[in-house]
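Single-letter residue listing:
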Amino acid sequence: MASADTVYSTSALVTFATDGSYTLTMDKFDSSLGVLTGATLYFYGAEDVSNLTLVNNSGSTQTFNLALQSNLAFNSGNTANNADKYTGQNLDIFDTGVGPGTAQYPLSAGPITLGPSGSGICPEYNPSSSCNSISYTPPSLTVQNIDPVYGLSVGTGLNGVTGVIKNIVGTDLLNYVQAGPSTSFDLTGSTHSFFSGDGGGNNIDQHVTTTARFQAEIDYSYRIPPPPPSTPEPATLVLMGTALAGVGLLRKRIKS
């Protein structure tokens, strides 16, 4: 009987200051193990905000909305099969109400009001018309593509990488089988962070410090074919032939 089994390959964890690019390298399936029947990719991306500062440089009080978003799969690609890439992941990090509205911070949406230039630094997280500079630096100000708020299909691979799932099926599986010198493939991409807002004129300066983290895993399922039927060795065939010949001679003697 044929049997089924699984094997995995996991990329290194890549970390860099954004915006930047990443390459996640994984092994293709070794066909000497058996026949590939399925594959699942798990892609994890995150962006950590260590400092977000907003400054009103206008001579008057300004009230505005602001959203900080990041595309963690910008210019994404897959060297095994470019159709198996990750797209459409504009994730909302910070949003006062102008963006998609799925940010995890601030906890309650609403426009920010800052006082005129030179009126001082506001207490962290607490903007007001009596100060013109405000910072948001909570440890939880992090966007991950696995956060439930973004509604992406997420799972955990055999080696523990939790990420957005992409199932490889049918003839596409052939792209993930080792062939000649092609023993690995890369998931590639870059981050693209951007602000959007309304109100407040053009005199609101934004400063943000972010770091990105990426990792991927591919799990392969395969079947082990049954061994071919055994054939007698040549020496065995000779012995069998000799034995049959002997039986034939014996029958002749008995008849005689």
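So, how was this worked out
- Residues numbered from 1 in each chain as written.
- Predicted model: local features only at pLDDT ≥ 70, side-chain atom pairs only at ≥ 80, totals over all residues.
- Heavy atoms only, no water.
- Disulfide = S-S within 2.5 Å.
- Buried < 20%, exposed > 50% of the residue type's maximum accessible area, 1.4 Å probe, protein only.
- Helix = DSSP H or I, 4+ residues; strand = E, 2+ residues; numbered from the N terminus.
- Contact = heavy atoms within 4.5 Å.
- Pairing = 2+ DSSP bridges.
- Salt bridge = Lys/Arg side-chain N within 4 Å of Asp/Glu carboxyl O.

Below, the discussion takes up the state of the cysteines. Inspection of the entire model under this criterion finds 1 disulfide. The disulfide partner of cysteine 122 is cysteine 131, and the S-S distance across this bridge is 1.8 Å. Handedness here is read from the sign of the S-S torsion; for cysteine 122 and cysteine 131, about 105 degrees, the answer is right-handed. Take cysteine 122 and cysteine 131: they sit in the same class, and that class is buried.

Moving on, we come to the environment of serine 193. If you trace the backbone, serine 193 turns up in strand S12 (residues 184-199). Taking the C-alpha atoms as reference points, serine 193 and leucine 68, separated by 125 residues in sequence, lie 7.3 Å from one another. Ignoring sequence-local partners within four residues, the contact set of serine 193 consists of Asp19, Glu47, Gln69 and Ser70.

Note that strand S4 (residues 35-56) and strand S11 (residues 162-168) share 5 bridges and pair antiparallel. Within S11, the residue paired with leucine 41 across the bridge is lysine 166. The sheet contact formed by strand S10 (residues 154-156) and S11 spans 3 bridges and is antiparallel. Residue threonine 156 lies in a different strand from S11, and its bridge partner there is threonine 162. Linking S10 back to S11 in an antiparallel pair, the connection comprises 5 residues, with glycine 160 at a positive phi of about 95 degrees.

Moving on: the environment of proline 116. Structurally, proline 116 can be placed in the loop between strand S7 (112-114) and strand S8 (133-136). Judged by its relative accessible area of 26%, proline 116 falls in the partly exposed class. With 55 residues separating them along the chain, proline 116 and threonine 61 place their C-alpha atoms 4.9 Å apart. Non-local contacts of proline 116, meaning those with residues more than four positions away in its chain, are made with Asn56, Ser58, Gly59, Ser60, Thr61, Ser129 and Asn132.

Moving on, we get to the environment of leucine 174. Examined against the element boundaries, leucine 174 turns out to sit in the loop between S11 and S12. Residue leucine 174 is classed as exposed on the basis of its relative accessible area, which comes to 64%. In sequence terms leucine 174 and phenylalanine 29 are 145 residues apart; their C-alpha atoms lie 9.4 Å from each other.

Time to look at the pattern of salt bridges. In the structure shown here, the tally under the stated rule is 1 salt bridge. Note that arginine 213 is salt-bridged to aspartate 48, the shortest N-O span being 2.9 Å. Of this pair, arginine 213 sits in strand S13 (residues 204-224) while aspartate 48 is found in strand S4, placing the two residues 165 residues apart along the sequence.

Bear in mind that shape data such as this cannot, by itself, settle questions of function.
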